[in-house]
Amino acid sequence: MNADPTTLPAPHLSPGLDALLDRVAARQRADFGHMASDLKADGSLITACDRWSDATLVEGLAQLYPGEGVLSEEGDKTVPGSDAYWVVDPLDGTTNFAAGIPYWAISLARFEGGIPVLAVLDVPPLRQRIVAIRGQGAWRNCRLLQPPSRQSHPAGCASLCSRSIGVLQKLPNQRFPGKIRLLGVASLNLVSVAMGQTVSALEATPKIWDLAAAWLVLSELGCPIRWLVRSPEAIAAGSDLSTADFPVLAADRPDTLARFMPWAEALVA
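Residues numbered from 1 in each chain as written. Predicted model: local features only at pLDDT ≥ 70, side-chain atom pairs only at ≥ 80, totals over all residues. Heavy atoms only, no water.

### Details of the packing of helix α1 (residues 15-31) against helix α2 (residues 48-64)
Interhelical geometry of α1 versus α2 gives an angle of 170 degrees and a closest axis separation of 10 Å. On the basis of the axis angle, α1 is roughly antiparallel to α2. Contacts between α1 and α2 involve Gly16, Leu17, Leu20, Arg23, Val24, Arg27, Gln28 and Asp31 on the former and, on the latter, Cys49, Trp52, Ser53, Thr56, Leu57, Gly60, Leu61 and Leu64. When the residues that make up the contact of α1 with α2 are grouped by side-chain class, the tally is 8 nonpolar, 5 polar and 3 charged. (Axes fitted to C-alpha atoms, helices over the stretch in contact; angles between N-to-C directions. Helix = DSSP H or I, 4+ residues; strand = E, 2+ residues; numbered from the N terminus. Parallel < 35°, antiparallel > 145°, perpendicular 65-115°, else oblique. Contact = heavy atoms within 4.5 Å. Nonpolar A, V, L, I, M, F, W, Y, C, P; charged D, E, K, R; others polar.)

Now the structure itself:
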């Protein structure tokens, strides 16, 4: 993070973007506990609220930022050709949402030059909104976040996804260096490191919409990231990312990253 974190004012999203996020978050809270789910072709769940949220966000962004393309989980998954574009996960954590577990997120990121420059993670059940701006920092509900490397983490929790937990069997003679947590929301699994809730996060199959916003939050708070197969940076316009995975390990500081690397390497071996 380039600027002095003690002097940064809270960012203000445009009134239109703020209102769009408020509208979608309110609808999701109202629908929570009342939604039946269907299976998508890849085996993941989807609800009518996912579809409504995706369409509303995509249409809203098109009106607010004409000429900027949108890649979204439930819509067009092709990298737009516009100079700036948005990556949207309308409801990350559908399994939690459908099961009545009150933990999910709306994830938005604006890309320029192939990297995220603005990120918003809204957590409707907690009424929390995390905003990151490249080179300026990250905030939660307008309160500046401090890098997790400046904090102590006596609990030593580590976040795994359901597809990465199998690495524990690959290294049976090594003790896993953390207390395992599975939050069920890829974006929030990753951003939990930046928030100081966990010391590391290992994601086996995140898509670009899962990680786009969390990527910038982690970067702005000085959290090292290791792309285990390929980097999502500067993907060519026109690329179809519908089946592209970006396995990743994130940590609160370099020595933590090194400590968890054997499990990350085992994940993709």
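### Quick notes on the packing of helix α5 (residues 186-194) against helix α6 (residues 208-220)
As a packed pair, α5 and α6 sit with axes 8 Å apart at the nearest point and diverge in direction by 5 degrees. The angle between α5 and α6 places the two elements in the roughly parallel class. When α5 is examined against α6, the residues Ala186, Ser187, Leu190, Val191, Val193 and Ala194 are found in contact with a partner set consisting of Asp210, Leu211, Ala214, Val217 and Leu218. Of the residues assigned to the contact of α5 with α6, the class counts are 9 nonpolar, 1 polar and 1 charged.

### What about the packing of aromatic side chains?
Each pair of aromatic rings is reported with the distance of its centres and the angle of its planes. The full count for this structure, using the stated rule, is 9 aromatic pairs. Taking the centre distance of 5.4 Å and the plane angle of 80 degrees together, the rings of Trp215 and Trp227 count as edge-to-face. Of the two residues, Trp215 sits in helix α6 while Trp227 sits in strand β13 (residues 225-227), which places them 12 residues apart along the sequence. Members of the aromatic cluster, connected to one another through ring pairs, are Tyr85, Phe111, Trp215 and Trp227. The ring of Trp52 has Arg27 sitting right over it, with the charged end atom 4.4 Å from the ring centre. In this structure, Arg230 is placed above the aromatic ring of Phe246, and the distance from its NZ or CZ to the ring centre is 4.9 Å. (Phe/Tyr/Trp six-rings, centres within 6.5 Å; stacked < 30°, edge-to-face > 60°. Lys NZ or Arg CZ within 6 Å of the ring centre and 35° of its normal.)

### Points about the layout of surface pockets
Each pocket or cavity is described by its volume, and for the second largest pocket that value is around 190 Å³. If you go around the second largest pocket, the residues you meet are Pro11, His12, Leu13, Asp18, Arg129, Val131, Trp139, Asn141 and Cys142. Across the lining of the second largest pocket, the residue classes tally to 5 nonpolar, 2 polar and 2 charged. (1 Å grid on protein atoms, 1.4 Å probe; cavity = no way out; pocket = protein on both sides within 12 Å on 5 of 7 lines; lining within 4 Å. Points joined across faces, edges and corners; volume = space filled by probe spheres on them.)

### Examining the sheet that holds strand β10 (residues 157-160)
Spatial strand order, β11-β10-β12-β14-β13: 5 strands in an open sheet with mixed pairing. In this open sheet, the two edge strands, each paired with only one partner strand, are β11 (179-181) and β13. For this sheet, the mean angle separating the axes of adjacent strands, direction not counted, is 15 degrees. Note: strand β12 (residues 200-203) against strand β14 (residues 248-251), 4 bridges, orientation antiparallel. Bridging across to β14, Glu203 finds its partner in Val248. (Pairing = 2+ DSSP bridges.)

### Describing α1
Here α1 contains 17 residues, and its C-alpha end-to-end distance of 24 Å stays within 8% of the 24 Å for a straight helix at 1.5 Å per residue. Turning to α1, its buried residues number three or more, namely Leu17, Leu20, Leu21, Val24, Ala25, Gln28 and Asp31. Along the axis of α1, the buried positions cluster into a sector of 130 degrees, meaning they face one direction only. Seen from the open side of α1, the exposed residues pointing more than 90 degrees away from its buried face are Pro15, Arg23 and Ala30. Residues of α1 that are buried in the fold lie against α2, β4 (84-92), α3 (94-99), β5 (105-112), β6 (115-123) and β7 (128-133). Taken from the residues just after α1, Gly33 is the one with a positive phi, measuring 90 degrees. (Expected span 1.5 Å × (residues − 1). Buried < 20%, exposed > 50% of the residue type's maximum accessible area, 1.4 Å probe, protein only. Arc of directions from axis to C-beta.)

### Here's the deal with the pairing of strand β8 (residues 137-140)
Strand direction decides the pairing type here: β7 and β8, joined by 4 bridges, are antiparallel. By the bridge assignment, Val131 is partnered in β8 with Trp139. Between β7 and β8, which pair antiparallel in sequence order, lie 3 residues; one of them, Gly135, sits at a positive phi of approximately 80 degrees. Looking at chain direction, β8 and strand β9 (residues 143-144) are connected through 2 bridges and run antiparallel. The partner of Trp139 across the bridge, within β9, is Leu144. The hairpin formed by β8 and β9 contains 2 residues between the paired strands, and Asn141 there has a positive phi angle of roughly 50 degrees.

### Examining empty space enclosed by the protein
Space left empty within the atom packing is revealed by a probe, the size of a water molecule, rolled over the atoms. A complete count under the given rule lists 3 cavities of 30 Å³ or more for this structure. Its volume calculated, the largest cavity comes out at about 50 Å³. Forming the walls of the largest cavity are Leu71, Val79, Tyr85, Val87, Phe111, Gly114, Ile208, Pro232, Ile235 and Leu241. Tallied by class, residues from the lining of the largest cavity come to 9 nonpolar, 1 polar and no charged.

### Notes on the nonpolar core
Core analysis: the biggest nonpolar cluster contains 42 residues, and Val87, Phe111, Leu190, Val191, Ile208 and Val217 have the highest contact counts within it. Residue assignment for this core shows that the elements contributing at least two residues are β4, β5, β6, β7, α5, α6 and β14. Per element, the largest residue contribution to this core is 10 residues, and it comes from α6. Grouped together as the second largest cluster of nonpolar side chains are 19 residues, Cys161, Ala204, Ala251 and Ala264 included. (Core = buried A, V, L, I, M, F, W, Y, C linked by side-chain atoms within 4.5 Å.)

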